[in-house]
Amino acid sequence: MNVADAVGAALVAHGADHAFGVVGSGNFHVTNAFVAAGGRFVPAVHEGGAASMADGYARTGGRLAVLTVHQGPGLTNALTGITEAAKSRTPLVVVTPEATSPRSNFHLDLARIAAAVGAGFVRVRAEHALADVAEACRTAVAGAGRTVVLALPLDVQGKPVEPDEPAFEGSALAGVPDVSTLVEALGTATRPVFVAGRGATRPDARAALVDLADRCGALLAVSAAARGLFSGDPWNLDVSGGFATPLAAELIGQADLVVAWGSTLNMWTTRHGRLIGPEAVVAQVDLDADALGVNRPVDVAVVGDAGTVAEACAAALGEQVRPGWRTPAVRERIEAEGAWRSVSYVDDSGPDRIDPRTLSIALDDLLPAERTVVIDSGNFMGYPSMFWSVPDRAGFLFTQAFQSIGLGLASALGAAVARPDRLTVAALGDGGFLMSAAELATAARLDSPLLVVVYDDAAYGAEVHHFGPEGHPLDTVLLGDRDLAAIARGYGCLGATVRTREDLEPVRAWLAGDRVRPLVVDAKVTSKHGSWWLEEAFRGH
Ligand SMILES: Cc1ncc(C[n+]2csc(CCOP(=O)(O)OP(=O)(O)O)c2C)c(N)n1
Ligand SMILES: [Mg+2]
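This is a predicted model, so every value here is computed, not measured.

Colleague: Run through the sheet that holds strand β8 (residues 219-222), naming residues and quoting values.
Modeller: Strands belonging to one sheet form pairs held by backbone hydrogen bonds; the direction of such a pair is parallel or antiparallel. Taken together, six strands build an open sheet; the order of strands is β9-β8-β7-β10-β11-β12 and the sheet is parallel. Among the strands making up the open sheet, the edge pair consists of β9 (236-239) and β12 (300-303). Sheet twist, expressed as the mean angle between neighbouring strand axes with direction ignored, is 15 degrees. Summarising the sheet, strand β7 (residues 192-196) and strand β10 (residues 257-261) pair through five bridges and their orientation is parallel. Looking at the pairing, valine 193 lines up with valine 258 of β10. Helix α8 (residues 180-188) rests against β7, β10, β11 (281-286) and β12 of the sheet, and its axis sits at about 135 degrees to β10. The sheet contacts of helix α12 (residues 306-317) involve β10, β11 and β12, and relative to β10 the element is tilted by about 135 degrees.

What follows is the structure, encoded as structure tokens:
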């Protein structure tokens, strides 16, 4: 067996069941070997799309994914998606052939590229090929997860490989840290709030956190990236940060203890620190010691996995159950005011354009509760993030770690492959849609149900609202009114244009049907004002 074949098979042996990519000469053999070993390969139109598909697949499925690209431009095309994955700590192995000779057209300094985007790097050696793949896979899935570039030199791929290399070993579980100070804080707080973030990674973190919150009477909140973690819990305040409901902002602001679980309490999650009251004791639990206190001072810091630490705290509290903040009055308020749709607004829909809030609420009513919601970046992004319910943590994918527009559609395709049992709903702006529309060709080929909702304001709305109020010329950030439904039909998808609530009838019909072909909804939305979460974001620039 040669190195390329062995690497493809080893990736499957280490738990990768899906690879996404575009195949060229350099990754042809390794990709075929992956498929021969039982893996599924999903071809994308563009490597940028493939990278986001792999990212979306890994994040939604909670498992290792593989991206396979051609040498040189195949990798550079994929870099934005790889960077988003690296910043999100996605367990992803990027298999890239390597032209080692600096005189080759394809040559890149792969180690430096990987380092530059925050990814790990492993180069496959002929004599240690299996150990090198094992190291890449182990690094990808260990701890909070890591994106790893696995370089497969072209001049090594055809060499014979020794079959009896060391076997893959899973990562050892970290020990339980000292939680006494945190337990003391939990045992004395009267208005505790938990804020869980992306780092609350273990699949059973929810159960451990909810159990602990039940014991100490804590209210539950999440960062936007972890939305859905506490869905269905009666004490769930939903998102803390720019998307927080007025009620969530009010209650978090009154907390006497805020415990961040796998969240760094960044400017988004805390509205630049203003959400958390000055008197609150702040605790932070994170697997990564370097993450402790990065964004604000913390009074209690614990290095450890959120689920493990929560279990240890619950054990230390013993039979003690404190009412904390769980009064009937608070519960009634969460029931009455806990969702964005309970907040009144003045509908600015007209005959030709629909208010994005009205659109979002109408769609939330139409869509099945079992859904995977995927959000691209832009002014629009708060509407689906705030108004659409999500069933659980796997039901929400936020592609904002690199703050790139244009990653949502392909990420949604990866999510749809990971969860074909659910309807995947991608929310995009028209700018992000046009940037990534080529992957509609992939969407039309896949058999997973997909609904794409484009909040179409005929502009790079975020920039319009950023610079418009200051009187700058805006021609550079206007996109013009395009027929996005027609574009979608050209790729083999279905398309519908929505200007009023009544125009949603084709969506209702599509949902009631077999949903075999993806549906793209070009929703012509009003955009008189910039969104308040965007104003919040601009404070950081
Ligand atoms: C790759 C990339 N290019 C440019 C930007 C700057 N940018 C941020 S939001 C935005 C506008 C997005 O427009 P659209 O997708 O239509 O969403 P809208 O803001 O109109 O709701 C732009 C250009 C970015 N974040 N990422
Ligand atoms: Mg737009």
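Colleague: Requested: an account of helix α21 (residues 505-512), with residues and values cited.
Modeller: For an α-helix, the turn length of 3.6 residues means that residues three or four places apart are oriented alike. Taken as a whole, α21 has its buried residues at Val507, Trp510 and Leu511. When α21 is viewed along its axis, its buried side chains cluster within an angular range of 100 degrees and face the same direction. Close packing links the buried residues of α21 with α14 (356-366), β15 (423-429), β16 (450-456), β17 (494-498) and β18 (519-524).

Colleague: Can you tell me about the coordination of the magnesium ion (ligand 2), naming the residues and giving the values?
Modeller: The protein atoms donating to the magnesium ion (ligand 2) are Asp430 (OD), Asp457 (OD) and Ala459 (O), with metal-donor distances spanning 2.0 to 2.1 Å. In primary-sequence terms, the residues that donate to the magnesium ion (ligand 2) follow D-x26-D-x1-A. Separated by 27 residues along the polypeptide, aspartate 430 in helix α17 (residues 430-436) and aspartate 457 in the loop between β16 and α19 (461-467) bring together distant segments of the chain. Of the two residues, aspartate 430 and aspartate 457, neither departs from the other in class, the shared state being buried.

Colleague: So what about the environment of valine 124? Which residues, and what values?
Modeller: Residue placement: valine 124 occurs in the loop between β5 (120-123) and α7 (129-141). If sequence neighbours within four positions are ignored, valine 124 has contacts with Val3, Val7, Ala129, Asp132, Leu150, Ala151, Leu152, Pro153 and Val156.

Colleague: Describe in detail the pattern of salt bridges, supporting the description with residues and values.
Modeller: Pairing is possible between side chains of opposite charge, provided their charged atoms come close. With the rule as written, the count across this model stands at 25 salt bridges. Measuring nitrogen to oxygen at the nearest pair gives 2.7 Å for the salt bridge that ties aspartate 392 to arginine 422. Of this pair, aspartate 392 sits in the loop between α15 (382-387) and β14 (396-398) while arginine 422 is found in the loop between α16 (408-418) and β15, placing the two residues 30 residues apart along the sequence. What makes arginine 422 buried here is its relative accessible area of 4%. Here lysine 524 and aspartate 522 are joined by a salt bridge, their closest N and O atoms 2.9 Å apart. Taken individually, lysine 524 and aspartate 522 each receive the classification buried, so the pair is uniform in this respect. Three or more residues joined by partner-sharing salt bridges are found here, namely Arg353, Asp456, Asp481, Asp522 and Lys524.

Colleague: Tell me about the sheet that holds strand β3 (residues 65-68), and name the residues and values.
Modeller: Pairing is parallel across the open sheet formed by six strands, whose spatial order is β2-β1-β3-β4-β6-β5. Two strands lie at the open edges of the sheet, namely β2 (40-43) and β5, each paired on one side alone. Direction aside, the axes of adjacent strands within the sheet are offset by 25 degrees on average. Relative to β3, strand β1 (residues 18-21) runs parallel, the two sharing three bridges. Bridge pairing in β3 links alanine 19 to valine 66. This element, helix α5 (residues 79-87), spans β3, β4 (92-98) and β6 (147-153) of the sheet and lies at about 135 degrees to β6. Its contacts with the sheet place helix α6 (residues 110-117) against β4, β5 and β6, and it is angled at close to 160 degrees to β5.

Procedures and definitions
- Residues numbered from 1 in each chain as written.
- Chains lettered and ligands numbered in written order.
- Predicted model: local features only at pLDDT ≥ 70, side-chain atom pairs only at ≥ 80, totals over all residues.
- Heavy atoms only, no water.
- Pairing = 2+ DSSP bridges.
- Helix = DSSP H or I, 4+ residues; strand = E, 2+ residues; numbered from the N terminus.
- Axes fitted to C-alpha atoms, helices over the stretch in contact; angles between N-to-C directions.
- Contact = heavy atoms within 4.5 Å.
- Buried < 20%, exposed > 50% of the residue type's maximum accessible area, 1.4 Å probe, protein only.
- Arc of directions from axis to C-beta.
- Donors = N, O, S within 2.8 Å, 3.2 Å for Na, K, Ca; no water.
- Salt bridge = Lys/Arg side-chain N within 4 Å of Asp/Glu carboxyl O.

Interpretation in functional terms is not warranted from these geometric data alone.
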